Each structure stands twice: as structure tokens, then as C-alpha cells.
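Fold and geometry: a report
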Amino acid sequence: MAGLLYRYPAMNYIEPHAHMVSRTTDDYEKLALAGCIAVCEPAFWAGFDRTSAKGFYDYFLQLTRFEPRRAARYNLQHYAWLCINPKEAEDPGLAREVIDLIPEFLDAPNVLGIGEIGLNKNSRNELKVLHWHIELAVQHDLLILVHTPHLEDKLKGTRLTIDALREHGVRPERVIIDHVEEHTVRPVLDAGFWAGMTLYPQSKCSIDRAIDILDLYGSEHIWMNSACDWGASDPLAVPKAAQQMLRRGYSRERIRHIILNNPADFMRQSGRFDLDVR
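Keep in mind the model is a prediction, meaning the values are calculated, not measured.

On to the layout of surface pockets. In this model, the largest pocket occupies a volume close to 250 Å³. In terms of lining, the largest pocket is formed by 16 residues, of which the most central are F44, K87, H147, Y200 and D229. Looking at the lining of the largest pocket residue by residue, the class counts come to five nonpolar, seven polar and four charged.

Structure below.
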């Protein structure tokens, strides 16, 4: 692992979106050695459609009890977001059961809010479940993390999501809309929301595309994440992006602002994120 320490900038950062239930414990070690101090894990699709609310109950236990202990072995703070993912929102009956379970877990000390909610295919059922999630977040004054659809449906889904959030009177500074790309980052930032860029090797944003977006739109109210999961993804995408930003002339202060201060500033609004990153 000595090579890892040499290759990446010796710079602390936060991984604000990682699905660690799908990763080996070795990945926690790699994150820690690369400078990560906290991992934030939104609820997501398991790679298959779960058949009952009981499966989600156990999953929420995993996010609030087991994963924090696994991360702590490497001196990493672990935080979580809870929801039923948009990929499983086509069954409103199941979604209603799962959403009704969530309040039981909201007192867990690592829960930051509701997420990653949003749309997958922009269907009516998905939109209905999105509204239910937003209602829950408003009722409990929680932060919201939003998933936006892939490829050609992304702009439409982003607009539908923004409309839904406005309908419920959600304060935009308490929402991060994730997986933005070149054609969706402007409407997100212009509406006052935070924007997340996901660094994937085959989809969403490459590292250089994400840095191009920073060149165009600046460094405020925006973060980078790996969203590492079961598929083609890289848990070290954020420190690799930091290295590339150095190559492209970014100062260490600006990089620190993007990969450490920005996610900390957003998540500190939860009242649960208590890391001192100064």
C-alpha cells in the first residue's frame, strides 16, 4: 500500500456517496490510506428487486449498525441516508411499507437524511413515491439526497424532481441533486440546490469532464463522489480526481474546498455531521 500513499495527494477528503455494503473491507482500508475521513452511504438498489419490506428493514439495520462498525476499524466516520431507491419504486404498495419503516431509524446517530430518492424512468409511480419521500423529509426536517436518471432521461427527470421539491416548499440549500452532468448542472445550481458529480469509468462523469464542469461553473455548492457500488466503479475516484486537478493547475486550497469543505458544509446542516475539517 506504500505506492498508494505516494501516488495520491496527501489530502484529506470526504467520500459523500459510496455504497459500502457492496464493497469489501479492503476498500475501507484503501479509502483511509488515500486520505478519506468520512464515508456517506445512501440507501440504494441491491442489484435485484427486494420482495418485501422485511428485506429493507434488515438493510436499514446494516446501514445504521453494521457499516459504522466496519468503517470505524479504519478510523472512518460512517453516515447514512435512508429510502427506497427509485429502481424499486414501481410497486407503490411495497414503497409505502418501506417508507413507513424509516421513522424507526431516524434517531440513529449516523443518519443524515432521506436519500438517494428521485426518478429512474420518470414514471408516474416513481413520481408518486418521490413525493412520499419528500413529505417524510419535510415532516422531520431532514436533508435530501436526490438520484437523477441516466442518459436521455436525465434532464427531464431533473426538471420533474425540481418541480416536486418546489411543490413541497423544500429549501433548496438542504438538497443535493446528484449525478449531474454538463446538461443538468446549470438548472440545479441556478435553482439554488447543491450539485453532485459522480465519477464513473463508463457512465455519468469522467474525472476530466467533472473538472471541465468546475472550470465552467466554479467550486461553490458542488461536490464529487465515487458512488462505488456493485458495478464498474472506483472507490478511489475522488483522490484520483484531486491528483488530476493538481495536474490541471488547481491549488491545493481549491481542491480541499471541493472535496472536503463542500460536503462537510452541506451535511453539517443535518445536525449529525460533527467532523471538524478546519
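To continue, consider the nonpolar core. Of all hydrophobic cores here, the largest spans 78 residues; its most connected members are F60, I114, L165, M224, M245 and I259. Leaving out residues up to four positions away in the same chain, M224 has contacts with P16, M197, L199, A210, I211, L214, V238, A241, M245 and I258. Counting residues in hydrophobic clusters, the runner-up holds 18 residues, among them I14, L145, W223 and F273.

Another point: empty space enclosed by the protein. Applying the stated rule across the entire model yields one cavity of 30 Å³ or more. Within this model, the largest cavity holds a volume of roughly 40 Å³. As for the largest cavity, its lining consists of I84, N85, P86, A89, I117, G118, E126, V129, L130 and H133. Within the residue set of the lining of the largest cavity, elements represented by two or more residues are β4 (111-118) and α5 (124-140). Ranked by residue count, the leading element in the lining of the largest cavity is α5, at four residues. Per-class residue counts for the lining of the largest cavity are six nonpolar, three polar and one charged.

A regular strand places its side chains on the two faces of the sheet in alternate fashion. Burial of strand β8 (residues 222-225) is two-sided: the residues I222 and M224 facing one way and the residues W223 and N225 facing the other way are all buried. As defined by bridge partners, strand β7 (residues 194-198) adjoins β8 across four bridges and the pair is classed as parallel. In the sheet register, A195 faces β8, and the bridge partner there is I222. For the handedness criterion, the β-α-β arrangement of β7, helix α8 (residues 207-217) and β8 is classed as right-handed.

So, about the side chain of H131. Structurally, the position occupied by H131 is in helix α5. Judged by relative accessible area, H131 falls into the buried class, the value being 16%. Here H131 is in contact with A164, E167 and H168, once residues within four sequence places are set aside.

Take the environment of L142 next. Along the chain, the position of L142 falls in the loop between α5 and β5 (143-147). Between the C-alpha atom of L142 and that of G113, which follows or precedes it by 29 residues, the distance is 4.9 Å.

This part is about the environment of T64. The topology assignment puts T64 in helix α3 (residues 53-72). Separated by 212 residues in the primary sequence, T64 and D276 have C-alpha atoms spaced 22 Å apart. Once residues within four sequence positions are removed from consideration, T64 is found in contact with F105, A108, N110 and V111. At 2.8 Å, the side chain of T64 forms a polar contact with the backbone oxygen of F60.

Across its 14 residues, helix α6 (residues 154-167) extends 20 Å between first and last C-alpha, which sits within 8% of the 20 Å expected from 1.5 Å per residue. Residues of α6 that are buried: K154, G157, T158, T161, I162, A164 and L165. Along α6, the residues classed as buried sweep out an arc of 160° about the axis, all on the same side. Counted as exposed and oriented over 90 degrees from the buried face of α6: K156, R159, R166 and E167. Contacts made by the buried residues of α6 are with α5, β5, β6 (175-177) and α7 (185-190).

Basis of the calculations
- Residues numbered from 1 in each chain as written.
- Predicted model: local features only at pLDDT ≥ 70, side-chain atom pairs only at ≥ 80, totals over all residues.
- Heavy atoms only, no water.
- 1 Å grid on protein atoms, 1.4 Å probe; cavity = no way out; pocket = protein on both sides within 12 Å on 5 of 7 lines; lining within 4 Å.
- Points joined across faces, edges and corners; volume = space filled by probe spheres on them.
- Nonpolar A, V, L, I, M, F, W, Y, C, P; charged D, E, K, R; others polar.
- Core = buried A, V, L, I, M, F, W, Y, C linked by side-chain atoms within 4.5 Å.
- Buried < 20%, exposed > 50% of the residue type's maximum accessible area, 1.4 Å probe, protein only.
- Contact = heavy atoms within 4.5 Å.
- Helix = DSSP H or I, 4+ residues; strand = E, 2+ residues; numbered from the N terminus.
- Pairing = 2+ DSSP bridges.
- Right-handed = clockwise from strand over helix to strand, strands pointing away.
- Polar contact = N/O pair within 3.5 Å; in protein donor to acceptor, adjacent residues only side chain to side chain.
- Expected span 1.5 Å × (residues − 1).
- Arc of directions from axis to C-beta.

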